Amino acid sequence: MPQINQALTKPTATRTRRTQERAEATRASLIEAGKLLFSERGFDAVSVRDLEEEAGVKRNILAYHFDDKETLWKASADAIFNVMRSEFDQRLAIMREVAERDALAFIVRFYVYFNARHPELSRLMSQEATRHSWRIEYLIENHIRRSTLDIEKHVRAAKGLDRKQFIHWYYIMISSTSTIFSFAAECEDLFGVDPCEDSMVEAHAEMVVSLLLD
């Protein structure tokens, strides 16, 4: 009798696992589509159908996985920022063991290299940071404020800046570590070089560290 039950339940378990795998794959495809389209066009210019077509999934399936476009936007934004936070946290132990200036240089270089690999972060912020909305409030409260406080601690310790001076330093850093990569198409057409090529990323990191710290 146990053998019969096992024979009956095995196909069911296999089907359940395959269904879960397909659901996870569909969800992941929708998030990737959200990362691309929301960062390139902005929330209002992207429709549910646009997202489903970009993800290559069936029509009307987004609501099954995310309820609505707002929920998918949050999941897509979380996916971008969570990768950044995870990589940054992995490096915190190293930063605790070096001088403040070296720690600050480490942060700047991290931002350069991350933006070179993930230009969608800067593009998403360009879409959302220019006006007040529930989306920029969500990003600040769930992702940006924490990382900014971490950076401020190192900047003020290394350079002796007050709060207002740090604000200027922060936006100079954010722009200088990301614009060349989010404007990659312009850079290629204007100068004939790929800014995301390894030697260009390293040269950019060195220059930004020199400008911001020296």
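All values reported here derive from a predicted model rather than from experimental measurement.

**Details of the overall build of the protein chain**
For step 1, the next point in the chain: Secondary structure summary: the protein chain contains eleven helices and zero strands in total.
For step 2, the next point in the chain: Its helices and strands in sequence order give the protein chain the pattern α-α-α-α-α-α-α-α-α-α-α, from N to C terminus.
For step 3, the next point in the chain: Rg of the C-alpha trace for the protein chain: 22 Å, well past the compact-globule value of 17 Å for 214 residues, more than 25% over.
For step 4, the next point in the chain: Along the three orthogonal principal directions, the C-alpha set of the protein chain runs to about 75 × 40 × 35 Å.
For step 5, the next point in the chain: Here the protein chain holds 214 residues, and the buried ones make up 41% of them.

**Topic: the packing of aromatic side chains**
For any pair of aromatic rings, geometry is given as the distance between the ring centres together with the angle between the planes.
For step 1, the next point in the chain: A full pass over the atoms with the stated rule returns nine aromatic pairs.
For step 2, the next point in the chain: Note on phenylalanine 166 and tyrosine 170: the rings are 5.9 Å apart at their centroids and 40° apart in plane angle, and the pair reads as tilted. Here phenylalanine 166 pairs with tyrosine 170, and both are found in helix α8 (residues 163-176), just four residues apart, close to one helical turn. Each member of the pair, phenylalanine 166 as well as tyrosine 170, is classed as buried.
For step 3, the next point in the chain: Each ring, one from tyrosine 170 and one from tyrosine 171, has its centre 5.0 Å from the other, and the planes form 80°; the classification is edge-to-face.
For step 4, the next point in the chain: On the basis of relative accessible area, tyrosine 170 is assigned to the buried category, the value being 12%.
For step 5, the next point in the chain: Residue tyrosine 171 is classed as exposed on the basis of its relative accessible area, which comes to 54%.
For step 6, the next point in the chain: Clustering of aromatic rings is evident, with ring pairs tying together Phe38, Phe43, Trp73, Trp134 and Tyr138.
For step 7, the next point in the chain: Its end group placed over the ring of phenylalanine 43, lysine 69 keeps NZ or CZ at 4.2 Å from the ring centre.

**As for the environment of arginine 123**
For step 1, the next point in the chain: When you line up the elements, arginine 123 lands in helix α6 (residues 119-128).
For step 2, the next point in the chain: Between the C-alpha atom of arginine 123 and that of threonine 179, which follows or precedes it by 56 residues, the distance is 9.0 Å.
For step 3, the next point in the chain: Once you skip the residues sitting within four places of it in the chain, arginine 123 turns out to touch Ser39, Phe181 and Ser182.

**Remarks on the environment of alanine 116**
For step 1, the next point in the chain: Considering the arrangement of structural elements, one finds alanine 116 in helix α5 (residues 100-117).
For step 2, the next point in the chain: For alanine 116, a relative accessible area of 13% puts it in the buried group.
For step 3, the next point in the chain: Separated by 99 residues in sequence, alanine 116 and arginine 17 place their C-alpha atoms 37 Å apart.
For step 4, the next point in the chain: Apart from residues lying up to four places away in sequence, alanine 116 is in contact with Phe181, Cys196 and Val201.

**Observations regarding helix α7 (residues 134-159)**
For step 1, the next point in the chain: The largest bend in α7 amounts to roughly 55° and is located at isoleucine 144.
For step 2, the next point in the chain: The inward-facing, buried residues of α7 contact α4 (69-95), α5, α6 and α8.
For step 3, the next point in the chain: The N-cap residue of α7 is serine 133: its side-chain oxygen and the backbone nitrogen of arginine 135 are 3.2 Å apart.
For step 4, the next point in the chain: Directly beyond the C-terminal end of α7, a positive phi value near 70° is found at glycine 160.

**Some details on the nonpolar core**
The nonpolar side chains of a soluble globular protein tend to be buried, and buried together.
For step 1, the next point in the chain: By size, the foremost hydrophobic cluster in this structure holds 49 residues, and its most contacted members are Leu139, Ile151 and Trp169.
For step 2, the next point in the chain: No other element matches α4, which puts ten residues into this core.
For step 3, the next point in the chain: Contact partners of isoleucine 151, with chain neighbours within four places excluded, come to Ile107, Tyr111, Phe166, Trp169, Tyr170 and Met173.
For step 4, the next point in the chain: In this structure, Val112, Ala116, Val201 and Ala205 belong to the second largest nonpolar core, which totals five residues.

**Remarks on the confidence of the model for the protein chain**
For step 1, the next point in the chain: In the predicted model, the protein chain carries a mean pLDDT of 92, and the fraction of residues at 70 or more is 94%.
For step 2, the next point in the chain: Mean pLDDT across the secondary structure elements of the protein chain bottoms out at helix α1 (residues 2-41), with 80, and peaks at helix α10 (residues 184-191), with 98.

Rules used throughout
Residues numbered from 1 in each chain as written. Predicted model: local features only at pLDDT ≥ 70, side-chain atom pairs only at ≥ 80, totals over all residues. Heavy atoms only, no water. Helix = DSSP H or I, 4+ residues; strand = E, 2+ residues; numbered from the N terminus. Rg over C-alpha atoms; globule rule 2.2 N^0.38 Å. Buried < 20%, exposed > 50% of the residue type's maximum accessible area, 1.4 Å probe, protein only. Phe/Tyr/Trp six-rings, centres within 6.5 Å; stacked < 30°, edge-to-face > 60°. Lys NZ or Arg CZ within 6 Å of the ring centre and 35° of its normal. Contact = heavy atoms within 4.5 Å. Bend = angle between axes of the 7 residues up to and from the residue. Polar contact = N/O pair within 3.5 Å; in protein donor to acceptor, adjacent residues only side chain to side chain. Core = buried A, V, L, I, M, F, W, Y, C linked by side-chain atoms within 4.5 Å. pLDDT = per-residue confidence, 0-100.

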